Amino acid sequence: MSVQFSVTRNSNPLPDAAREEILAAPVFGAKFTDHQVVVVWEKDKGWHSAEVIPYGPILMEPSAAVLHYGQEIFEGIKAYRHQDGSIWTFRPEANAARLQRSAVRMSLPEVPTEIFVESLRQLIAVDGAWVPEPVNEKTLYIRPFEIAAENFLGVRAAHRAEYRVIASPVGPYFTGGIKPISIWLALDSARAGKHGTGEAKTGGNYAAGLLAQSEGYENGCSQVAFLDADSATYFEELGGMNLFFVYKDGHVATPALDGTILHGITRDSVIQLLKDRGVKVEERKVSLAEVQAGLAAGEIVEVFACGTAAVITPIGEFKSRKGDYAVSTEPGELTVSLRQELTGIQYGTVEDRHGWMYKLAD
Ligand code: PLP
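Residues numbered from 1 in each chain as written. Predicted model: local features only at pLDDT ≥ 70, side-chain atom pairs only at ≥ 80, totals over all residues. Heavy atoms only, no water.

(A) Spatial organisation of the packing of helix H6 (residues 265–276) against helix H8 (residues 333–346). Where H6 meets H8, the axes come as close as 11 Å, and the angle between the chain directions of the two elements is 110°. In this view, H6 runs roughly perpendicular relative to H8, as classed from their interaxial angle. Counting all contacts with H6, which are made through Thr-266, Ser-269, Val-270, Leu-273 and Leu-274, the residues of H8 involved are Leu-334, Leu-338, Glu-341, Leu-342 and Ile-345. When the residues that make up the contact of H6 with H8 are grouped by side-chain class, the tally is 7 nonpolar, 2 polar and 1 charged. (Axes fitted to C-alpha atoms, helices over the stretch in contact; angles between N-to-C directions. Helix = DSSP H or I, 4+ residues; strand = E, 2+ residues; numbered from the N terminus. Parallel < 35°, antiparallel > 145°, perpendicular 65-115°, else oblique. Contact = heavy atoms within 4.5 Å. Nonpolar A, V, L, I, M, F, W, Y, C, P; charged D, E, K, R; others polar.)

(B) Seen up close, the site of the ligand. Close to the ligand lie 17 residues; Arg-98, Tyr-206, Glu-237, Thr-266 and Thr-308 are nearest. In the environment of the ligand, an oxygen atom lies 2.8 Å from a nitrogen or oxygen atom belonging to the side chain of Lys-201. Tyr-206 places a polar side-chain atom, nitrogen or oxygen, 2.5 Å from an oxygen atom of the ligand. Relative to its unbound accessible surface of 380 Å², the ligand loses 96% to contact with the protein. (Near = heavy atom within 4 Å. Polar contact = N/O pair within 3.5 Å; in protein donor to acceptor, adjacent residues only side chain to side chain. Areas by Shrake-Rupley, 256 points an atom, 1.4 Å probe, with all protein chains shown as cover.)

(C) Here's a closer look at the packing of aromatic side chains. Going through the model one piece at a time under the given rule, you end up with 10 aromatic pairs. An angle of 55° between the planes, with centres 5.0 Å apart, marks the rings of Phe-28 and Tyr-141 as tilted. Highlighted residues: Phe-28 in the loop between helix H1 (16–24) and strand E2 (35–42) and Tyr-141 in strand E7 (residues 139–148), separated in sequence by 113 residues. Using a relative accessible area of 49% as the deciding quantity, one classes Phe-28 as partly exposed. On the basis of an interplanar angle of 80° and a centroid distance of 5.5 Å, the ring pair of Phe-90 and Trp-356 is categorised as edge-to-face. Of this pair, Phe-90 sits in strand E6 (residues 87–90) while Trp-356 sits in the loop between H8 and strand E18 (357–361), and the two are 266 residues apart along the sequence. Pair check on accessibility: Phe-90 and Trp-356 agree, each one buried. Following the ring pairs from residue to residue traces out a cluster consisting of Phe-235, Phe-245 and Phe-318. Lying across the ring of Phe-152, Arg-156 places its NZ or CZ 4.0 Å from the centre. One residue, Lys-285, lies across the ring of Tyr-234, its end atom 4.9 Å from the ring centre. (Phe/Tyr/Trp six-rings, centres within 6.5 Å; stacked < 30°, edge-to-face > 60°. Buried < 20%, exposed > 50% of the residue type's maximum accessible area, 1.4 Å probe, protein only. Lys NZ or Arg CZ within 6 Å of the ring centre and 35° of its normal.)

Take a look at the structure:
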């Protein structure tokens, strides 16, 4: 399938000096580039009208299906500038596949991988100047998303959808060095239930986590860990990252993908990097009781979270209404070395032996 993108350049792009000011100290998700991608899907026509247009508001009727029935899915992927000026992204086919799985779950049409990858290339072709220099872990965060865009009220899958791509420059997750973060344990609020939509990257899952997230902020935590909705016994994931536990004997455990956890692309890559090092990785149920006992006995020596936004983040403690569980005040050795390896691959300074990097522009 080949789709031709038409390009309408923004006649009023942000002046170079203003853009450079943003790129000097980017704030996650606060400023957006000069353009966006739009591709339309209609039940009887399939995908058509692929365009790059100026960034700006979406014209939508109040009856648009997404506003009432929540058919919305999204992705998060970054563009990295390498030392030679070229622009790359990380495992875009994996993001395309995940967007397709989310689409199936949310009864939206699947964006073909070719359109997904080409949409990233098209946006970078016009907004490449927004990809920051490779210092301080700066990148351009790209947000592909899909919405039900039919104007109708009624509970059925929409017959019209739009796929769009926007992008926002981002700075380092940690300013002033990597520091272990505090995590709030959501003991009475679940994110996703069995056979629900937990595995899909859909807006409602994130809305469901905001109450616990606010509670976490009030208790000095920057992220929330969710447990399984059935029994509140097993760790699932954080609001925006997957979890890993490192044991004293060298093995690593991570909650298994059981339908309620997002298939993190960083998670998958970390598992591969650990296996490359000969580390035993267990994908299984990890209970809160096991982690409490393991931390108290010194059997669990590092805990980290991972995701596209923050790469790999050491966890310093879990806090909850029922008590706090300390991990470490310093980032663990394995956490730091995995982080260096993965960011090295992404910025082109470490060999990409799995062919994960995809060039978007020279
Ligand atoms: N879990 C959730 C709920 C997320 O939102 C994300 C981020 O997309 C992740 C995990 C990590 O996924 P990835 O590594 O693909 O960014």
